[in-house]
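Here is what each chain is made of, one letter per residue.
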Amino acid sequence: MPIHFDDRDVVSEVAGLSSALIVPCYMCPAITVSIREEQPFIQLFRHFLKSASFEKYISRMKSRLEEQGVRTDVFKSAPSHEWFMCMWTSGKRRRLQKASERYDAVIVLGCDSATETARDASQQNGCKVVEGMQVAGIMNAQIRFRFPGDISFENCRTVSIDHDEKDDETWEVARH
Ligand code: SF4
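The structure displayed is predicted, hence computed values, not measured ones. (Residues numbered from 1 in each chain as written. Predicted model: local features only at pLDDT ≥ 70, side-chain atom pairs only at ≥ 80, totals over all residues. Heavy atoms only, no water.)

1. Here we look at the overall build of the chain
Here is the rule: Every helix listed is a DSSP run of H or I at least four residues long, and every strand listed is a run of E at least two residues long, numbered separately from the N terminus. Within these notes, the globule rule equals 2.2 Å times the number of residues to the 0.38 power, and the radius of gyration is based on C-alpha atoms. By the convention used here, residues are in contact when the closest approach between their heavy atoms is within 4.5 Å. Note that accessible areas follow from Shrake-Rupley with a 1.4 Å probe, and for residues the cover is restricted to the protein chains shown.
Counting its regular elements, the chain contains six helices and nine strands. Relative to the globule expectation of 16 Å for 176 residues, the C-alpha radius of gyration of the chain, 17 Å, shows essentially globular dimensions. Once the C-alpha set of the chain is aligned to its principal axes, its extents read approximately 45 × 40 × 35 Å. Contacts in the chain between residues far apart in sequence, at least 24 positions, make up 60% of those at least 6 positions apart. With an accessible surface of roughly 9,500 Å², the chain has 48% of that area assigned to carbon and sulfur atoms.

Spelled out as structure tokens, the structure:
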């Protein structure tokens, strides 16, 4: 049940700062972008465990920030448990703490739990913590495997997690 996201305007959030470190969670946000762009989440034999559409998304964000004069880098994570920011090891959190010392802001691509991970690791360095994405709901989708190694999501709907509403509202975001 990956979380589905909308984008936030990160450029205005870091306006006036000189550097930012993009810290992506490589699971739910990568699935969101792959669904939005109607691309496979993973193509094992073309990009191994990288989600090509998410890599392009991050790269476009980096370019937009650099056009505004913000030096920007990306905090990488190895494919494995490191993909899930909500479950990072203490070692990974320490690495972010160390890395974030060199930036004015960290831009989190992930949910509130991902932001909490980043905030714990970086706020004591005085970094501004910026949320690059906003939770839109929980994804309901059919996972599909295609030969030779493509993994995609089809018939996707976003299910609201707003419990203040009387009835949970569902709406279709993509149908292949
Ligand atoms: S940190 Fe949030 S966005 Fe990332 S895998 Fe966990 S629940 Fe999904």
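After that view, the rundown keeps rolling.
2. With respect to the packing of helix α2 (residues 28-36) against helix α4 (residues 52-67)
Cut-off, in case you're wondering: The angle between two axes is taken between their N-to-C directions and runs from 0 to 180 degrees, where each axis is a line fitted to C-alpha atoms and a helix contributes only its stretch in contact. Each angle receives one of four descriptions, namely roughly parallel if under 35 degrees, roughly antiparallel if over 145, roughly perpendicular if within 65 to 115, and oblique otherwise. In this classification, the charged set is Asp, Glu, Lys and Arg, the nonpolar set is Ala, Val, Leu, Ile, Met, Phe, Trp, Tyr, Cys and Pro, and all remaining amino acids, among them Gly, are polar.
Following both chains from N to C, one finds α2 and α4 inclined at 95°, their axes separated by 8 Å at the closest point. Of the possible angle classes, the one that applies to α2 and α4 is roughly perpendicular. For the pair formed by α2 and α4, the contact residues are Pro29, Ala30, Val33, Ser34 and Arg36 on the first element and Ser53, Phe54 and Tyr57 on the second. Its residues placed into classes, the contact of α2 with α4 shows five nonpolar, two polar and one charged.

3. A look at α4
Our working rule: Here a helix's expected span is defined as the number of its residues, less one, multiplied by 1.5 Å. Relative accessible area decides the class of each residue, using a 1.4 Å probe on protein chains only: under 20% of the type maximum gives buried, over 50% gives exposed, and in between gives partly exposed.
For α4, which comprises 16 residues, the first-to-last C-alpha distance of 23 Å matches the rise-based estimate of 22 Å (1.5 Å per residue) to within 8%. Listed as buried for α4 are Ala52, Ser53, Phe54, Tyr57, Ile58, Met61 and Leu65. Phi turns positive one or two residues past the end of α4, at Gly69, with a value near 85°.

4. What about the sheet that holds strand β6 (residues 128-131)?
Strand pairing within a sheet occurs via backbone hydrogen bonds; the two strands may be parallel or antiparallel. Formally: Strands were regarded as paired on the criterion that DSSP finds at least two bridges between them.
With parallel pairing, four strands are arranged side by side in an open sheet as β4-β2-β5-β6. Across the chains shown, the open sheet's two edge strands, defined by having one partner strand only, are β4 (71-74) and β6. Going across the sheet, the axis of each strand differs from the next one's by a mean of 25°, ignoring polarity. Where strand β2 (residues 19-24) and β4 come together, four bridges link them in parallel fashion. Across the sheet, the residue bridging to Ser19 is Arg71, located in β4.

What is shown is where atoms sit, not what they do.
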